[in-house]
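The chain contents come next:
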Amino acid sequence: MARKRKGRDISGWVVVDKPAGITSTAVVNKVRWALDAKKAGHAGTLDPEATGVLAVALGEATKTVPYITDALKAYRFTVRFGQATNTDDAEGEVIATSDLRPDDDAIKSALSGFVGDIMQVPPQFSAVKVDGERAYKKAREGEEMALSARPLWVEELLLIDRPNPDHAELEMTCGKGGYVRSIARDLGEALGCKAHVKSLRRVWSGPFEATDGVSMDQVDALAKTPELDQFLQPLEVGLADLAEVRCPAESVDKLRNGNPAPVIASGIDFGEEVWASYEGRAIAVGTYRGGEMQPSRVFVPPQT
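The present account deals with the structure reproduced in this document. In this text, all values refer to a predicted model and were calculated from it rather than measured experimentally.

**A short note on the nonpolar core**
- Core analysis: the largest hydrophobic core is formed by 28 residues, its most contacted members being Tyr75, Phe77, Phe81, Leu157, Leu170, Met172 and Leu187.
- Broken down by element, this core gets its largest block of residues, five residues, from helix α5 (residues 180–191).
- Residues within four places of Leu187 in sequence aside, it is in contact with Phe81, Ala110, Leu111, Phe114 and Leu170.
- In this structure, Ala43, Val53, Tyr67 and Leu239 belong to the second largest nonpolar core, which totals 19 residues.

Dropping the structure here:
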């Protein structure tokens, strides 16, 4: 007999403004503990020293995680010129140096080569798997790997500030799977001056903004109290990029049981992925079939 998971049967999103010095997994575990939630996950890992949006999904909202990880996101980061590191950030060892410092025009010109559909090689210290093992584990053992390039959509990459010749502040809007550390490393190579990421902040991810995030100090202070629930956003927020169809009362049980059922829709193409709502609550995600919806994910209502 399966062991019943302890905790509250709550669903929704908590947006954390993650501080530096803590892993994404630790943030998720703390939020789950603080809200006494049965189930939790997150939409996109941040490196331990990175800050900003970490969207934590609770309960049924974990089923909407793919729609946030697939959404556009924006990063603001500082590049340190003149030094390459083995981790491509400030935490690693310096492995190459250069006295060359590019001017603003050279930087802006080079950035254009990193916009649009690009191919990107992940850092040696990354979570990609090599022969079934995480690359960072092999890198820690001193192994150097030939990692395969991966596609990335970069919508925008801008020079925001130039505080001094050694540093440049950039902002990038990109799709799923981007490594900011790789952007900094490759920019340094393109400019012939070597570079790494000195600091990194995710300013928004899909519908979630860092400025709306709860701090870890607040999570600690309000843990196990009703006041922390005020930061819980509905799971439907995670479906913002999908078209909504309305579900008649007689279709609710059919959809939740995984069966096709009639829905009310307007201006939606046959075969489009949609989500069905009833009285404002998400019932299911699925494919629109011209007056009907075939569910692929269903949302279980909270137990009463």
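Having seen the structure, we can now continue with the description.
**Considerations on the environment of Arg162**
- Tracing the backbone shows Arg162 in strand β10 (residues 150–164).
- Of the residues examined, Arg162 reaches a relative accessible area of 18% and is grouped as buried.
- For the pair Arg162 and Asp104, spaced 58 residues apart in sequence, the C-alpha separation works out to 7.7 Å.
- In contact with Arg162, not counting residues within four places along its chain, are Phe81, Pro102, Asp103, Asp104, Ile107, His167 and Ala168.
- A polar contact is formed between the side chain of Arg162 and the backbone oxygen of His167, at a distance of 3.0 Å.

**Considerations on the side chain of Lys73**
- Looking at the element boundaries, Lys73 is found in strand β4 (residues 73–81).
- Among buried charged residues, Lys73 stands out as having no salt bridge; its nearest opposite-charge side chain is Asp70, 6.9 Å away.
- Here Thr69 takes part through its backbone oxygen, which lies 2.9 Å from a polar atom of the side chain of Lys73.
- In this structure Lys73 touches Ile68, Met172, Thr173, Cys174, Gly175, Lys176, Arg202, Trp204 and Ser205, once residues within four positions along its chain are discounted.

So, how was this worked out
- Residues numbered from 1 in each chain as written.
- Predicted model: local features only at pLDDT ≥ 70, side-chain atom pairs only at ≥ 80, totals over all residues.
- Heavy atoms only, no water.
- Core = buried A, V, L, I, M, F, W, Y, C linked by side-chain atoms within 4.5 Å.
- Buried < 20%, exposed > 50% of the residue type's maximum accessible area, 1.4 Å probe, protein only.
- Helix = DSSP H or I, 4+ residues; strand = E, 2+ residues; numbered from the N terminus.
- Contact = heavy atoms within 4.5 Å.
- Polar contact = N/O pair within 3.5 Å; in protein donor to acceptor, adjacent residues only side chain to side chain.
- Lys, Arg positive; Asp, Glu negative; His and termini not counted.
- Salt bridge = Lys/Arg side-chain N within 4 Å of Asp/Glu carboxyl O.

None of the figures reported here should be taken as evidence of function without further support.
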